[in-house]
Structures are given as structure tokens and as C-alpha cells.
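Listed below, chain by chain, are the residues.
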Amino acid sequence: MDENLKKEIENRRTFAIISHPDAGKTTLTEKFLLYGGAINTAGSVKGKANSKYAVSDWMGIEKERGISVTSSALQFNYEGYCINILDTPGHQDFSEDTYRTLMAADSAVMVIDASKGVEAQTIKLFKVCVMRHIPIFTFINKMDLEARDPYELLEEIENVLGIKTCPINWPIGSGKRFKGVYDRDTKKISMFKAVSVGGSKSAAETTYELDNENFKAEIGDELYDQLVDDTELLDGASEPFDQELVDKGELSPVFFGSALTTFGIETFLEHFLRMTESPLPRMSDQGLIDPIEEPFSGFVFKIQANMNKAHHDRIAFLRVCSGKFDASKDVYHVQSGKKMKLSRPQQIMAQDRKVIDEAYAGDVIGVFDPGIFSIGDTICTPGKKFVYEGIPTFAPEHFCRLVALDSMKRKQFMKGVTQIAQEGAIQIFQDYNLEMSEIIVGVVGTLQFDVLKYRMENEYGCDVRLEPLPYGHIRWVKDTTIDLNNVKCPSDAKRVKDMKGNPLVLFTNQWSIKLLLERNEGIEFEEFSRN
Ligand code: G4P
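Parameters at a glance
Residues numbered from 1 in each chain as written. Predicted model: local features only at pLDDT ≥ 70, side-chain atom pairs only at ≥ 80, totals over all residues. Heavy atoms only, no water. Near = heavy atom within 4 Å. Polar contact = N/O pair within 3.5 Å; in protein donor to acceptor, adjacent residues only side chain to side chain. Areas by Shrake-Rupley, 256 points an atom, 1.4 Å probe, with all protein chains shown as cover. Helix = DSSP H or I, 4+ residues; strand = E, 2+ residues; numbered from the N terminus. Nonpolar A, V, L, I, M, F, W, Y, C, P; charged D, E, K, R; others polar. Salt bridge = Lys/Arg side-chain N within 4 Å of Asp/Glu carboxyl O. Buried < 20%, exposed > 50% of the residue type's maximum accessible area, 1.4 Å probe, protein only. Core = buried A, V, L, I, M, F, W, Y, C linked by side-chain atoms within 4.5 Å. Domains from an automatic or database assignment. Expected span 1.5 Å × (residues − 1). Contact = heavy atoms within 4.5 Å. Pairing = 2+ DSSP bridges. Right-handed = clockwise from strand over helix to strand, strands pointing away.

J.: In this structure, what is going on with the site of the ligand? I would like to understand it.
T.: Neighbouring the ligand are 19 residues, the closest being D22, K25, T26, T27 and D144. At a separation of 3.0 Å, an oxygen atom of the ligand approaches a polar side-chain atom of K142. Contact with the protein chains covers 73% of the free accessible surface of the ligand, which is 710 Å². With 3 residues, the top contributor of residues to the shell around the ligand is helix α2 (residues 25-35). Class assignment for the residues of the shell around the ligand results in 5 nonpolar, 8 polar and 6 charged.

J.: Could you clarify how one ought to interpret the pattern of salt bridges in this entry?
T.: Two side chains bearing opposite charge may form a pair once their charged atoms approach each other closely. Applying the stated criterion to the full structure yields 31 salt bridges. Residue D235 pairs with R184 through a salt bridge whose shortest N-O separation is 3.1 Å. Of this pair, D235 sits in helix α8 (residues 213-237) while R184 sits in the loop between β8 (180-183) and β9 (188-197), and the two are 51 residues apart along the sequence. The class of R184 is buried, set by a relative accessible area of 15%. The salt bridge involving R401 is made with E467; its shortest N-O contact spans 3.0 Å. Of this pair, R401 sits in strand β25 (residues 398-404) while E467 sits in strand β28 (residues 464-468), placing them 66 residues apart in sequence.

J.: In this structure, what is going on with the environment of R319? I would like to understand it.
T.: Along the chain, the position of R319 falls in strand β15 (residues 314-322). Classification of R319 by relative accessible area gives buried; the value is 1%. Residues R319 and S297, 22 residues apart in the sequence, show an inter-C-alpha distance of 8.6 Å. Only 3.1 Å separates the side chain of R319 from the side chain of D106, close enough to count as a polar contact.

J.: Can you help me understand the nonpolar core in this one?
T.: The nonpolar side chains of a soluble globular protein tend to be buried with one another. Core analysis: the biggest nonpolar cluster contains 53 residues, and M110, I140 and I157 have the highest contact counts within it. Per-element tally for this core: the top contributor is helix α6 (residues 120-132), with 5 residues. Here this core spans two domains, since at least three of its residues come from each of domain 1 (3-72 + 79-170 + 240-275) and domain 2 (282-380). In terms of nonpolar packing, the next biggest core, distinct from the first, is built from 28 residues, F15, V109, L245 and L269 among them.

J.: How should I be thinking about helix α12 (residues 447-459) in this particular structure?
T.: For an α-helix, the turn length of 3.6 residues means that residues three or four places apart are oriented alike. Helix length check: α12, at 13 residues, gives a terminal C-alpha distance of 17 Å against a target of 18 Å (1.5 Å per residue), a fit within 8%. Every buried residue belonging to α12 is among L447, Q448, F449, V451, L452, Y454, R455, M456 and E459, and all of these are buried. Backbone geometry just after α12 places G461 at a positive phi near 65 degrees.

J.: Help me out: how do you make sense of the environment of E435 in this one?
T.: Along the chain, E435 falls in the loop between β26 (427-431) and β27 (439-443). For E435, a relative accessible area of 55% corresponds to the exposed category. The sequence separation of E435 and K497 amounts to 62 residues, and the corresponding C-alpha distance is 9.9 Å. Those residues within four positions of E435 in sequence are excluded, and the remaining contacts are Q430 and K497.

J.: Sorry, what's going on with the environment of D106 here?
T.: Following the sequence through the fold, D106 ends up in the loop between α5 (96-103) and β4 (107-113). The buried category is assigned to D106, whose relative accessible area is 17%. Each residue touching D106, except ones within four places of it in the same chain, is listed here: T14, I134, P135, P279, R282 and R319.

J.: Explain the pairing of β4 here, please?
T.: In regular strands, side chains alternate between the two faces of the sheet. Of all 7 residues making up β4, 7 are buried, and the element is well covered by its neighbours. Residues S107, V109, V111 and D113 of β4 are buried on one face, and the alternating residues A108, M110 and I112, pointing to the opposite face, are buried as well. Here strand β1 (residues 12-19) runs beside β4; their pairing, made up of 5 bridges, is parallel. From the neighbouring strand, I18 faces β4, where its bridge partner is M110. Between the parallel elements β4 and strand β5 (residues 136-141), the chain passes through α6 in a crossover that is right-handed.

J.: Looking at this structure, how should I read the side chain of D363?
T.: Relative to the elements of secondary structure, D363 occurs in the loop between β21 (358-360) and β22 (364-369). Of the polar contacts made by the side chain of D363, one reaches the side chain of R12; its length is 2.7 Å. Setting aside anything within four residues of it in sequence, one finds D363 in contact with R12, Q75, N84, L318, R319, V320 and Q347.

Here it is as C-alpha cells:
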């Protein structure tokens, strides 16, 4: 046993932050990096400026910088741990990649805006975490602003997301009356005092015991009595902390704080690191692959095409799942059966992208892809031949008919859409019965439509028109042998098949899905496909 390797892997934590736009994901990430000493000033996380650009800017940005690797994974060290944060793009660039990134994370931190509660995008991302049974931590942010009742927030998380909650700390007031948090384990209070440090906001923390007279005087009788009541109520009524349930993703430890003012971040990090595990074994067609015992292996979870016309290259993002990656050694790409060296492996450290020589299980690396990798591919040490469990296809929510404006260019047109679909940027569907009659494109985030049009015109020389379709929901039929022609469909639904011939139905609304299920006893649908 290589003790160094074991130590490196055991010290690793790889998690994704999920939230609805504006809940504070970028701010929280930035504060983590500040604690890790990876950056010196707030406002330096690159993803932030980029995450809010308009569509037109996006094209410019991508063209300028070639391949974007800024928003993939950030690594930093904290108290002996090596932490990888995976970014889940939101805003305009919300796409299937956002879901796929969750396939590479070992746990997730869900950031919730305390004044808003659980929002749409969080629900979508949460479902993927549940499917993977990974631990989910909740950070209720913006306590320095007027917040909703904390009990109500917990109830909403439990009801809307269907996960049990266990508050690890508890807020004392909110907004202007936000006084701090009470740690339920140590029974100590961290008092909050917003201070301004060189223009950026921060919080001064003082620690008190619950019965400290100065503390009582400082928060006043009303808040004090409420806190005493809360502590008793919580001990009696809330779920007890249970590490096993946390590990299975059935109980979410909840923390209250304020990312902007850096309040509650350090205590969150410390609890989080204690409550999470280093990379765990991952399932392959030959059983579980141990991250420490097995030599290097990993899988591709994301492919990013270069928007620069002059460079038709792509970057494949690889999650290392076992052993140590050594850039000087050959690896084996299982799907093509080829031995190769991964060229220009790189990693993101805070805001810098650098070429690396080695990486360990838990890390994410980006490698140059000459067009041989597909999403879900396994890369391992020569001599090994297992295949990691595949990455599912997630349900798109926006659909367009894609029309080639020049019918003479049918060949390039088909090549373009097929290649772009293989990269995983879009999904393509056809009418269930009429072969090649029309191409229906489905995407998770509408920015992908612009990317598709841009790439079809610039890379494949095909002018295209995208005609919006009214569908917003898609369902894979669980039993793929069913003949959809025998299924009674509501008039506003459409029978289609995907590139692999799997049967699916497109719906305009939830009600229509319900109607189909009622009319066809025994039919079962899925919101993602593992086929
Ligand atoms: P996102 O990545 O989840 O989209 O959210 P982001 O961190 O960009 O935060 C969204 C807005 O909320 C930002 O304000 C940010 O400063 C603010 N914010 C984040 N955490 C807190 C918090 O704990 N308290 C308060 N009061 N505000 C918070 P903005 O005005 O949109 O951007 P900026 O001008 O501050 O950069």
C-alpha cells in the first residue's frame, strides 16, 4: 500500500454547490476559497462575471478565450484537506452539463436564499442528487437580510424536496435583528456583527455560552426567551443527527449563515468536512472499484467544444475515481480500446488554470479531446477493462424543430446535428413513425439553441432555422419494447424516438402526462434514461 497515495485520497472531498440563481452560490464559493487561502480578495471568482452575461456576450466570450475551463472545478486546501468544488452553472448557461456535473460529485451543498426558500432550479438539481443517494447539506443564506421563519423553511425543504432535515445551528433573529447562530452540539453562540473591511463586508464573531449575562443583555429579553424556547423545541421536535442517514442522502444537515458577510462559513466548512467522506468506491460492470486499492481510473462527465472556428478541438472533463493519474504514463480508453497519453491535462486552482502532472481520486481534470471521447466513457490503467456505470440522459425542457435552409446541404446538416448531439450539448428526436422527416431538438437550457445555431452556421456551414415547439416535458417509456402506436396519446402529445430508437412522448403540460397514464394502464415513464 502506497501510504502517500492513501493519504492524498483520504484527504480529498469533492462536492458540488447547487442553488437557484442569486441564492449566493458564487459568493459562498468565494468565501470557501478565501478560507482556503486560495484567493486574497473577494470578487475574484471568475465564474461570477461570466455567469450573468447576455447571450450575445457569451458568443464573444467563448470565441475570445477558446475553450472555457473556468467554470468546471476549483481546488483548494483547508486544514489538511484538499477540496474540489464542482461548479453547476446556472443562469443562462444552465444545461444538461449542470446535471452531469452532479454525477462527478461525492456530495452536494444546497444554498437556499432565506427570504425565498426552495426555488425551481434547486428542485431540479436536488432530484439528481437524490437519484445518486449522495449526502446533501443545506446552507440557508442571507440571514443578514429579512428572512422567512426558520421552522417554515425547514418544513418547506422537507415537504417540497422530501428529505429530512437536522439543523446543526439555529439563527437568532434575521435581517437588522440578526444576532448570530446557536450551535446545537456545542451549545455555544456565535454572535454576528457586520463590519466593513476595506470596502468588503465581513462579520466579527464572538462566542458565548447560552447563559452568559453579557449575551443576554446584548440580544434583549425577547430574542433570548425565543432562543431558549427554540433550543428546547428543536431538541424535542427535530430529527436527531444520524450520520448514516446523512451518508445515504436521506437527512440533510442544515446551517444558517450569511455568505456575503462571511458569517457561519468556517463553522459550516468544519462540520461539513467532518460529516463527509473521502471518495467512495464507484460502481462498474465488474463491481465496485476501490479508490485507493485500484490503480488510476476515471470517467468523462462533460465535454466542451471549442467555439473558436480555427480550433476544432474539445476538452473532456474527467473525474478521477481511483488511484493516481500520472501525465507521463499511458492510459487506456476502454470504449475505443486504445492506449494513449492524455494530452495537456489541466486543473483549476482557484482562478488559475494550470497544466498538471498528477491528480488523485476525487480530482477533476480537463484533457484535450481530439474527438474520441463521449460522455460517460471510462479511462483506466492499461491492463484493466472495466466500464463505469453510465451517465443518464436528463430530460430536456425546451424543444424546437430544426430546419436546414439549404436542402442541398443535407449531409453536412446531419453530420453537424449528430456530432453536436454526441457531445451532449443537445438531444435530437424524430417522429416515432416517419423516418428522417423532421429533426426535433431538445435542450435543458435555451442558450443551447443559440449555441447550436451558431455552431451549425460557423462549423458546418449550414444555415438553420429553429421553430419553437409547444412541448415542455418529455418522458422515456420504461419498457423500451412497447409499440407507441398502441399507446393512446392525448391530442397535444407527440410520439417520438431518440437517436438510439428509444420510445418517448413529448407533452405540453403535466396534466397531459397524467391523462396518458390514466388512459394506458401499466405504462411507466422515466424522467431520465440510462439506455
Ligand atoms: P449565485 O451565484 O447563486 O447566482 O449568487 P451570487 O453569489 O452571485 O449572489 C447573488 C447576489 O446576492 C449578489 O448580489 C450577492 O452579493 C448577494 N449575496 C450573496 N450572499 C449574500 C448574503 O449572505 N447576504 C446578502 N445581503 N447578500 C448576499 P448582487 O447585487 O447581485 O451582486 P454584487 O453586486 O453584490 O456582486
